[in-house]
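One letter stands for each residue in the lines below.
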Amino acid sequence: MKFILILIGLLLPVPGVALPQQLPSAPLLAAKSYVLYDQTSNQILVNQNGDERMEPASLTKLMTAYLVFDAIKHNTLSLQQELTVTQAATRIAGGESRMLLKSGQSVTVDELLRGLIVQSGNDAAITLALNIAGSESGFVDLMNKEAKRLGMVNTHFTNPSGLPDAQHYSSAADLALLAAAIVRDYPQHYPLFGLRKYTFNNVTQANRNRLLWIDPYADGLKTGHTETAGFCLVGSAQRDKRRLFSVLLGVSSDNLRATESQRLLNFGFQYFDTVRVYQKDQPVTQVRVWKGTESHVSVGFRQDIFLTIPKGQIGQLKAKMETHQPILAPIVSGQQLGVLKLTLAGKPYAEFPLVTLDKVPLANVFSRGWDSIRLLFE
């Protein structure tokens, strides 16, 4: 039997702000697909065809970089380790971006990462892939395995550089997850994505991410382009410790992908707030427990709960808890007992699993028997 408990006044206090007259609609951008993602709350704020499978072009190199960071973490590569460039890595078509590697050349992993991220070098991507997995196909297997682990359900890779292929695809929502994973898991390497230029072999190439020049808060991440994919950009900006990610796919020009990305990021910062609504390990409420050494157990969350909501709407946020009764001991700490559902202005907005903050051992046989009798009348 489902039991619904209405929770009133349990949200943490936040500074009051004036209620806007009307929340503007999300901007209509000149892109085939785009999303706006808030890292702190793990919420997608704008979604226009965000789950549609599309060609990612050189945005693919975000996954290539992620796997290089993972190899460094597990000591299978080091930044100062020198790798030998193979002939296969330099045998690329004239129109492909490259860091101008030469066959037989020794290059450090650090140099290759800068060539991969700043210069978008396909030759750098292949060199790193071959040294991590022994073959491009082996590296592609790692890419797809990692994509699955990260929850990128509309993604499949066939190469480490982003060359067009019918079975090489991703989505704006998936790429937002990948960008967030880079910042979350490897913050020490993230500054590479904010470099405006890189010089290798006395040749300086500028980062194609124009967002780094036009937005003072922007600090990453990666561009992509092919004739079939159009111009693409995964961007990120941080203001007052709040980070947003914009992903645009299928834009018609280089300049437009930057200005449209900035519009999307500005919309998120201007019209939304991210607030902590519950603290980790703090009781939200208590629920009745039967046949245990305690009659009630505290429930809450094992991590802070953040929510991104339209500015001025915190007063419209309401919460209720749903549990399945009866709840019987034994109860272990961290056990899910219900779901906290949040509504905004009367409409469903978010939900989070509620877990126990303490344990409740099984009571003795006499107490269990008494509770069994009482349950007959509940």
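Residues numbered from 1 in each chain as written. Predicted model: local features only at pLDDT ≥ 70, side-chain atom pairs only at ≥ 80, totals over all residues. Heavy atoms only, no water.

So, the overall build of the protein chain
Counting its secondary structure elements, the protein chain contains nine helices and 17 strands. For the C-alpha atoms alone, the extent of the protein chain along its principal axes is close to 80 × 50 × 35 Å. Across the 378 residues in the protein chain, those meeting the buried criterion constitute 50%. The contacts of the protein chain with a sequence gap of at least 6 include a subset with a gap of at least 24, amounting to 66%. Here the protein chain has roughly 18,100 Å² of accessible surface; of this, 51% comes from carbon and sulfur atoms. Both charge centroids of the protein chain, one from 37 positive and one from 31 negative side chains, sit 4 Å from each other. (Helix = DSSP H or I, 4+ residues; strand = E, 2+ residues; numbered from the N terminus. Buried < 20%, exposed > 50% of the residue type's maximum accessible area, 1.4 Å probe, protein only. Contact = heavy atoms within 4.5 Å. Areas by Shrake-Rupley, 256 points an atom, 1.4 Å probe, with all protein chains shown as cover. Lys, Arg positive; Asp, Glu negative; His and termini not counted. Charge placed at Lys NZ, Arg CZ, Asp CG, Glu CD.)

Structural notes on unusual backbone geometry
With omega at 10 degrees, the peptide bond leading from G220 into L221 counts as cis. Its location among the elements puts L221 in strand β8 (residues 218-226). Cis geometry is adopted by the peptide bond preceding P326, which originates at Q325 and carries an omega value of 0 degrees. Its location among the elements puts P326 in the loop between β15 (317-324) and β16 (336-344). Unlike most non-glycine residues, N42 shows phi in positive territory, near 60 degrees. Positive phi, normally seen in glycine, also occurs at N201, with a value near 55 degrees. Considering the arrangement of structural elements, one finds N201 in the loop between β6 (197-200) and β7 (203-206).

Here's the deal with the packing of helix α1 (residues 61-73) against helix α3 (residues 109-117)
Closest axis-to-axis distance for the α1/α3 pair is 10 Å, and the angle between their directions is 160 degrees. As summarised for this structure, α1 and α3 are arranged roughly antiparallel, according to the angle between their axes. Remark: the crossing between α1 and α3 carries left-handed chirality. Taking contact as the criterion, the partners of K61, T64, A65, V68, F69 and I72 in α1 are, on α3, V109, L113, L116 and I117. Taken together, the residues of the contact of α1 with α3 sort by class into eight nonpolar, one polar and one charged. (Axes fitted to C-alpha atoms, helices over the stretch in contact; angles between N-to-C directions. Parallel < 35°, antiparallel > 145°, perpendicular 65-115°, else oblique. Left-handed = near helix turned anticlockwise from the far one by under 90°. Nonpolar A, V, L, I, M, F, W, Y, C, P; charged D, E, K, R; others polar.)

A few points about the environment of L128
By the element assignment, L128 lies in helix α4 (residues 122-133). Along the sequence, L128 and V332 sit 204 residues apart, while their C-alpha atoms lie 46 Å from each other.

A short note on the nonpolar core
Judged by nonpolar contacts, the single largest core of 63 residues is most densely connected at M63, F69, L113 and F193. In terms of residue count, the dominant contributor to this core is helix α6 (residues 172-185) (ten residues). Formed by 25 residues, the second largest nonpolar core is a distinct cluster that contains V287, V289, I309 and L354. (Core = buried A, V, L, I, M, F, W, Y, C linked by side-chain atoms within 4.5 Å.)

Observations concerning the packing of α4 against helix α5 (residues 136-149)
The interhelical angle for the contact between α4 and α5, taken along N-to-C directions, is 85 degrees, at an axis separation of 8 Å. In terms of their interaxial angle, α4 and α5 are classed as roughly perpendicular. Listed contacts from α5 to I126, A129, L130, I132 and A133 of α4 are E136, G138, F139 and L142. A per-class count over the contact of α4 with α5 returns seven nonpolar, one polar and one charged.

What to know about the pattern of salt bridges
For the coordinates displayed, the defined rule picks out eleven salt bridges. Note that R210 is salt-bridged to D254, the shortest N-O span being 2.7 Å. Of the two residues, R210 is situated in the loop between β7 and α7 (211-214) and D254 in helix α8 (residues 254-271); the sequence distance between them amounts to 44 residues. On the basis of relative accessibility, which here comes to 39%, the residue R210 falls in the partly exposed class. We note a salt bridge from D281 to R302, for which the minimum N-O separation is 2.8 Å. With D281 in the loop between β11 (272-278) and β12 (285-288) and R302 in the loop between β13 (296-300) and β14 (305-310), this pair connects stretches of sequence that are 21 residues apart. Connected via shared salt-bridge partners are R210, D254 and R257. (Salt bridge = Lys/Arg side-chain N within 4 Å of Asp/Glu carboxyl O.)

A word on α5
Its 14 residues give α5 an end-to-end C-alpha distance of 20 Å, which sits within 8% of 20 Å, the value for a rise of 1.5 Å per residue. Among the residues making up α5, those that are buried are G138, F139, V140, M143, N144, E146 and A147. Contacts made by the buried residues of α5 are with α1 and α4. Positioned one or two residues after α5, G151 has a phi angle of 85 degrees, which is positive. (Expected span 1.5 Å × (residues − 1).)

Examining the packing of aromatic side chains
Across all of its chains, the model carries nine aromatic pairs by this definition. The interplanar angle of 75 degrees and the centroid separation of 5.3 Å between the aromatic rings of Y66 and Y186 together place this pair among those described as edge-to-face. Here Y66 is found in helix α1, whereas its partner Y186 is found in the loop between α6 and β6, with 120 residues between them in sequence. Classification of Y66 by relative accessible area gives buried; the value is 2%. On the numbers, 5.4 Å between centres and 45 degrees between planes, the contact of F267 with Y271 is tilted. Note that F267 and Y271 are positioned in helix α8 at a spacing of four residues, about one turn of the helix. Overall, F267 belongs to the buried group, its relative accessible area being 7%. Above the face of the W290 ring, R288 is positioned so that its terminal group lies 3.9 Å from the ring centre. (Phe/Tyr/Trp six-rings, centres within 6.5 Å; stacked < 30°, edge-to-face > 60°. Lys NZ or Arg CZ within 6 Å of the ring centre and 35° of its normal.)

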